[in-house]
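Descriptive analysis of the structure
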Amino acid sequence: MSSDFEAYEQDFGTLTAEITNKIGRIPKLGGEEKTQLVLNVDKQLEEVRELMEQMDLEVREIPIQSRGMYQSRLKSYKGEMEKLEKDFKRSRIAYSDEVRNELLGEDAGSSESQRAHLLDNTEKLERSSRRLEAGYQIAVETEQVGQEILANLHSDREKIQRSRERLRETDANLGKSSRILTGMLRRIIQNRVLVFVLGATILLTIILAIYFNVRGH
C-alpha cells in the first residue's frame, strides 16, 4: 500500500510543478492563448484532485499504527493544493501591465475596481471551499471511527460465536456422558436382578431337595 502512495506522491509532484509554471504564465497572456492555458491548467487541477482522492483511499488502507505519518503528508499536499487553486483563481483575473494597458487603455482604473471585486468574491469562495474541506475531513474521520467500531463488533461477534460453539460441544459431551452413565446404571440394575433371581432359584432348589429328602425317609 505505501509503495502505491509514494507513486502517487511522485505524480503529484510532477503535476503541481507543471501547474505552478503555467499559473505564472497566465497573467502575461491575453485572448485565446490565455483561455487555452487556463483550460489546460483547470484540467490538470482536476487530475490532481482525482490523484489526491486515490491517495486518501490508500491512506485508509494503511494499518492504523503506520497511518499517522501518511495522513500528515496527505494534509500537507492538501494545503499545497489549496494554494495552487488560490493562485490559479487570481491568475485568471490578473494581467501583466503590458497586457492590461493593451486591453483596457483608459479603462484601467475601472478594471482595477472590477479586479478587486473579483478577488473579494474569490476569497469568499475559498473560505466556503475550506469549510467544505473541513466538513469532508470530519466525515472521513467519522468514517474511520465507524470502521474501527465495526471491526471491533465483528471481532466480538466472532468471540461470541466461538463461545457458542464451545457450549454446544460441551452440551454434546454432557449428553454423551449422560447416555453412558444411564447405560451403565441399567446394566448394574440388570445384573442385580439377575443375581437375585439366580440366588432365589438356588435357594428354592436347596429347599426342595431337603424337602424331598426328608419325605423319602
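Residues numbered from 1 in each chain as written. Predicted model: local features only at pLDDT ≥ 70, side-chain atom pairs only at ≥ 80, totals over all residues. Heavy atoms only, no water.

The next thing to look at is the UniProt feature "transmembrane region" (unreviewed entry) in the chain. UniProt marks residues 193–214 with the feature "transmembrane region" (unreviewed entry), using the numbering shown here. Annotated as residues 193–214, this span is 100% helix and 0% strand, and its ends, taken at the C-alpha atoms, are 32 Å apart. (UniProt positions renumbered as here; feature names shortened; annotations may be inferred. Helix = DSSP H or I, 4+ residues; strand = E, 2+ residues; numbered from the N terminus.)

Our focus in this paragraph is the confidence of the model for the chain. Averaged over all residues, the pLDDT of the chain equals 80, while 86% of them reach at least 70. Across the chain, element-level confidence peaks in helix α2 (residues 31–61) with a mean pLDDT of 87 and bottoms out in helix α4 (residues 97–104) with 51. (pLDDT = per-residue confidence, 0-100.)

This paragraph deals with the pattern of salt bridges. Taken as a whole and assessed by the stated rule, the structure comprises 5 salt bridges. Glu85 is the salt-bridge partner of Arg49, the closest N and O atoms lying 2.9 Å from each other. You can see Arg49 sitting in helix α2 and its partner Glu85 sitting in helix α3 (residues 64–92), a full 36 residues away along the chain. Note on Glu85: relative accessible area 16%, which makes it buried. With its nearest N and O atoms 3.0 Å apart, the salt bridge here joins Asp87 to Lys83. In this pair, Asp87 and Lys83 both sit in helix α3, 4 residues apart, roughly one turn of the helix. The exposure class assigned to Asp87 is partly exposed, which follows from its relative accessible area of 27%. Relative accessible area serves as the criterion here: at 53%, Lys83 is assigned to the exposed category. Members of the salt-bridge network, linked through shared partners, are Glu46, Arg49 and Glu85. (Salt bridge = Lys/Arg side-chain N within 4 Å of Asp/Glu carboxyl O. Buried < 20%, exposed > 50% of the residue type's maximum accessible area, 1.4 Å probe, protein only.)

Moving on: α3. With 29 residues, α3 ought to run about 42 Å at 1.5 Å a step, and its terminal C-alpha atoms sit 41 Å apart, in line with that. Inspection of α3 places Arg67, Tyr70, Leu74, Tyr77, Lys78, Met81, Leu84, Glu85, Phe88 and Ser91 among the buried residues, and these make up the whole buried set. (Expected span 1.5 Å × (residues − 1).)

Before going further, it helps to spend a moment on a negative patch on the surface. A grouping of Glu18, Glu47, Glu50 and Glu53 is seen on the molecular surface, where their side chains present a negatively charged patch. In this structure Glu50 comes out as partly exposed when scored by relative accessible area, which is 44%. (Patch = residues over 30% accessible without salt bridge, like charges linked within 9 Å, V, L, I, M, F, W, Y side chains within 5 Å. Areas by Shrake-Rupley, 256 points an atom, 1.4 Å probe, with all protein chains shown as cover. Lys, Arg positive; Asp, Glu negative; His and termini not counted. Charge placed at Lys NZ, Arg CZ, Asp CG, Glu CD.)

Turning our eyes to something else, we now look at the packing of α2 against α3. The geometry of α2 relative to α3 is characterised by a closest axis approach of 11 Å and an angle of 165 degrees between their N-to-C directions. In terms of orientation, α2 lies roughly antiparallel with respect to α3. For the element pair α2 and α3, the recorded crossing hand is left-handed. Residues Lys34, Val38, Val41, Asp42, Leu45, Val48, Arg49, Met52, Met55, Asp56, Val59 and Arg60 of α2 pack against Arg67, Tyr70, Gln71, Leu74, Tyr77, Lys78, Met81, Leu84, Glu85, Phe88, Ser91 and Arg92 of α3. Residue composition of the contact of α2 with α3, by class: 13 nonpolar, 2 polar and 9 charged. (Axes fitted to C-alpha atoms, helices over the stretch in contact; angles between N-to-C directions. Parallel < 35°, antiparallel > 145°, perpendicular 65-115°, else oblique. Left-handed = near helix turned anticlockwise from the far one by under 90°. Contact = heavy atoms within 4.5 Å. Nonpolar A, V, L, I, M, F, W, Y, C, P; charged D, E, K, R; others polar.)

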